Structure formats: structure tokens, C-alpha cells
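Structure assessment
Each chain, written out:
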Amino acid sequence: MFSESRGFYISPIGNIDLRADTHGLTSLVFTSNTNSDYENVSCYNRAILDAKRWLDQYFSGYRPKWIPQLSLSGTPFQLSILKELLKIDYGTILSYSQVAERAALASGRSRFSARSTGQAVGKNPISIIIPCHRVCGVNGELVGYAWGLEKKRFLIDLELGVKHSGI
């Protein structure tokens, strides 16, 4: 049995729940929980502390040059999509079809469908750090972000240097 650690991060676009096991960060999701829900949460898990440091840099407008230790789970297909998401450069937008093509090529397959790729992207357990917000529709339209298109727009604009006061 493994021990899961939990942390909390206050971002300009909402509160974030962080979870990690002994191998790395397992989850980074927006939450409706309030600061008082986490008042007595003290976390000394290295992956959570690193994720908070990474988020501080990211939301300050800097491109973090490193990624906290991650502990990913999922099907081989889902993991291949998550690995491709990690390769998308800061400030770059790709379509679901482009991610599908790249993942298929990396896996030695002829093709993956954009629809199944979109489903795998939608199951991304570590938002922001695994940048699913950098995946848009074919013509660059904002579609498909579990945390809301306002948050997706904010994250993309942050990477492009567009200033916002928050959501």
C-alpha cells in the first residue's frame, strides 16, 4: 500500500489540488475547495513541493525549463498521448489531429484517430504541467478543456505574453 500526499495551490485562475505518491505527482486539478479546506495541510512530498515551485514560475510568466517528477498511469495509448503533450513547446498550439499524428509516428503506428486522441487528452490527470491546454480544434479554435475555456484561454495567453488580471 502506498501513501498519497496532498497539497494545495492558489493560482490566478482558481484553486488547484495536487496529489502525489512516492514516485511523483499523480494529479493536478482545479478544485472548488476553498483555502480553509486546506488550512492544516502540510505537505513535504518532494513532487508536490516541486509542482508548487513550477507553478510559481509558470504563473509569474516564466517558462519552467524542468518538469517535476511525474507518476503517470493509464493505458499504453493514453501514456503515449501524455508523452506527446509534454513535447509541445511553450506557447505552441497544436490540433488534436497533429497530436494524433505525432503520437502514432512515435509509436511506430500508421495513425491514431483525432477523436481517440481527444479522449486521451481529456483524461490528462496533471493539467498545466502536461499541457493539454495547448491542444485546440483544427482551425485553432478553443475546444475541449475540462476546466473551462476561460482557463484554457488564460493559459494560452499567459504563454503568448498576453496580460490578464485573472478569471
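What you see is a predicted model, and the numbers here were worked out from it, not measured in a lab.

So, on to the side chain of T117. Checked against the element boundaries, T117 lands in helix α4 (residues 114–122). When neighbours within four sequence positions are excluded, T117 is seen to be in contact with F77, I81, Y96, V99, A100 and F112.

With that settled, the discussion passes to the nonpolar core. Ranked by size, the top nonpolar core spans 40 residues in total, and within it I16, L18, L25, L55, F59, L85 and I128 carry the most contacts. For this core, the secondary-structure elements that each account for two or more residues are β2 (14–20), β3 (25–31), α1 (46–59), α2 (76–86), α3 (96–107), α4 and α5 (149–160). For L18, the residues in contact, after removing those within four places along its chain, are S5, R6, G7, F8, Y9, L25, S27, L28, I48, A51, K52 and L55.

Let us look at the sheet that holds strand β1 (residues 5–11). Read from one edge of the open sheet, three strands run β1-β2-β3, paired in antiparallel fashion. With one partner strand each, in any of the chains shown, β1 and β3 form the two edges of the open sheet. Each adjacent strand pair in this sheet contributes to an overall mean axis angle of 20°, direction not counted. Pairing analysis gives seven bridges linking β1 to β2, with the strands arranged antiparallel. Bridging across to β2, I10 finds its partner in N15.

Along β2, five of the seven residues are buried, which leaves the element largely enclosed by surrounding structure. Hairpin connection of β1 to β2: two residues between the antiparallel strands. Relative to β3, β2 runs antiparallel, the two sharing six bridges. Residue pairing for β3: L18 is matched across the bridge by L28. Connecting the antiparallel pair β2 and β3 is a turn made up of four residues, with G24 showing a positive phi of about 160°.

Before going further, it helps to spend a moment on unusual backbone geometry. A positive phi angle, close to 70°, is found at I128, a residue other than glycine. Mapping I128 onto the fold places it in the loop between α4 and β5 (135–136).

The rules behind these values
Residues numbered from 1 in each chain as written. Predicted model: local features only at pLDDT ≥ 70, side-chain atom pairs only at ≥ 80, totals over all residues. Heavy atoms only, no water. Helix = DSSP H or I, 4+ residues; strand = E, 2+ residues; numbered from the N terminus. Contact = heavy atoms within 4.5 Å. Core = buried A, V, L, I, M, F, W, Y, C linked by side-chain atoms within 4.5 Å. Buried < 20%, exposed > 50% of the residue type's maximum accessible area, 1.4 Å probe, protein only. Pairing = 2+ DSSP bridges. Axes fitted to C-alpha atoms, helices over the stretch in contact; angles between N-to-C directions.

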